[in-house]
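Residue strings, one per chain:
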Amino acid sequence: MKRWKGRKQRKVMTDDGWKATSTEADSQTPCPDWWEISIINPNARERIGYPTQKPIKLLERIIAASSNPGDVVLDPFAGCATTCVAADRLDRQWAGIDLSPIAGELVLKRLRDDRGPLFDDVIHRTDRPLRTDLGSILRYNAPANRKALYGEQSGNCGGCGHHFEARHLEVDHIIPRSKGGTDHLANLQLLCSSCNRLKGDRGMEYLRVKLQLGN
Ligand SMILES: C[S@@+](CC[C@H](N)C(=O)[O-])C[C@H]1O[C@@H](n2cnc3c(N)ncnc32)[C@H](O)[C@@H]1O
Ligand SMILES: [Zn+2]
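Residues numbered from 1 in each chain as written. Chains lettered and ligands numbered in written order. Predicted model: local features only at pLDDT ≥ 70, side-chain atom pairs only at ≥ 80, totals over all residues.

### As for the site of ligand 1
- Around ligand 1, a shell composed of 14 residues is seen, among which Thr52, Phe77, Gly79, Thr82 and Leu99 lie nearest.
- Partitioned by chemical class, the residues of the shell around ligand 1 number seven nonpolar, five polar and two charged. (Near = placed C-beta within 6 Å. Nonpolar A, V, L, I, M, F, W, Y, C, P; charged D, E, K, R; others polar.)

### Observations concerning helix H2 (residues 82-89)
- Where burial is concerned, most of H2 is hidden: seven out of the eight residues are buried.
- Thr82, Thr83, Cys84, Val85, Ala86, Ala87 and Asp88 are the residues of H2 that are buried.
- In the core, the buried residues of H2 are packed alongside helix H1 (56-66), strand E5 (72-75), strand E6 (93-96) and helix H3 (101-115).
- Immediately beyond the C-terminal end of H2, within one or two residues, lies Asp91, with a positive phi of roughly 60°. (Buried ≥ 20, exposed ≤ 12 C-beta atoms within 10 Å, placed from the backbone. Helix = DSSP H or I, 4+ residues; strand = E, 2+ residues; numbered from the N terminus. Contact = placed C-beta atoms within 7 Å.)

### With respect to the nonpolar core
- The biggest cluster of nonpolar side chains holds 15 residues, and the ones touching the most others in it are Ile63, Ala81, Cys84, Val85, Ala86, Ala87 and Val107.
- Of all the secondary-structure elements, those providing two or more residues to this core are H1, H2 and H3.
- Of the residues forming this core, the biggest block, four residues, is contributed by H2.
- Other than its neighbours up to four places away in sequence, Ile63 contacts Val73, Ala86, Ala87, Leu90 and Arg92.
- If you look at the next biggest cluster of nonpolar residues, it comprises seven residues, including Cys157, Leu190, Leu191 and Cys192. (Core = buried A, V, L, I, M, F, W, Y, C linked by C-beta atoms within 7 Å.)

Put into structure tokens, the structure is as follows:
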């Protein structure tokens, strides 16, 4: 029970699960700021066990309200593919991305279950996406990059913050190349050699914590 417009709001059990007694129809605005969509029942067929799974009805409503058939829907945090399945049902083109390899498998499984034998045109890729919007970029330690970074950082190390002459600063990839970081200027910084050694092939969070702890 929760308070709503100064009154206590009750919930009642219906065939579709628990519902608040005030409904969307009670709202006096064309589109109220709440939607009646129940959580996924623990025994529902829809539930596949992914910890953060959202109800398909919710995604269908969002997609129907914000796109047209044939449009492209992208969910870069696709999880267990609820967005992809909802977009597929509504005749949208779609793409889902997720860090977790399990998520990719779940997209395939859920679509196969949803579409049945007509499942043949989904492309599942596990390679790391590469940016294609960067144009031609300089070698990471090109003099022009060093000069631009020295000005941007006012001659200070991007780790400890101390000021150095340009020749004592080294060009570092903020996101390491081994993790997909590019040679683009936006991914570069100058570090003093001590900070650069400390950071090694890791992200900036590591360097910051190490510096805070006094190495
Ligand atoms: C809240 S869940 C999405 C749940 C989804 N709406 C559903 O119904 O299944 C968030 C997802 O984002 C993924 N994720 C987190 N960080 C990411 C990143 N940097 N790139 C891609 N996916 C990421 C996680 O693996 C997780 O599956
Ligand atoms: Zn430093």
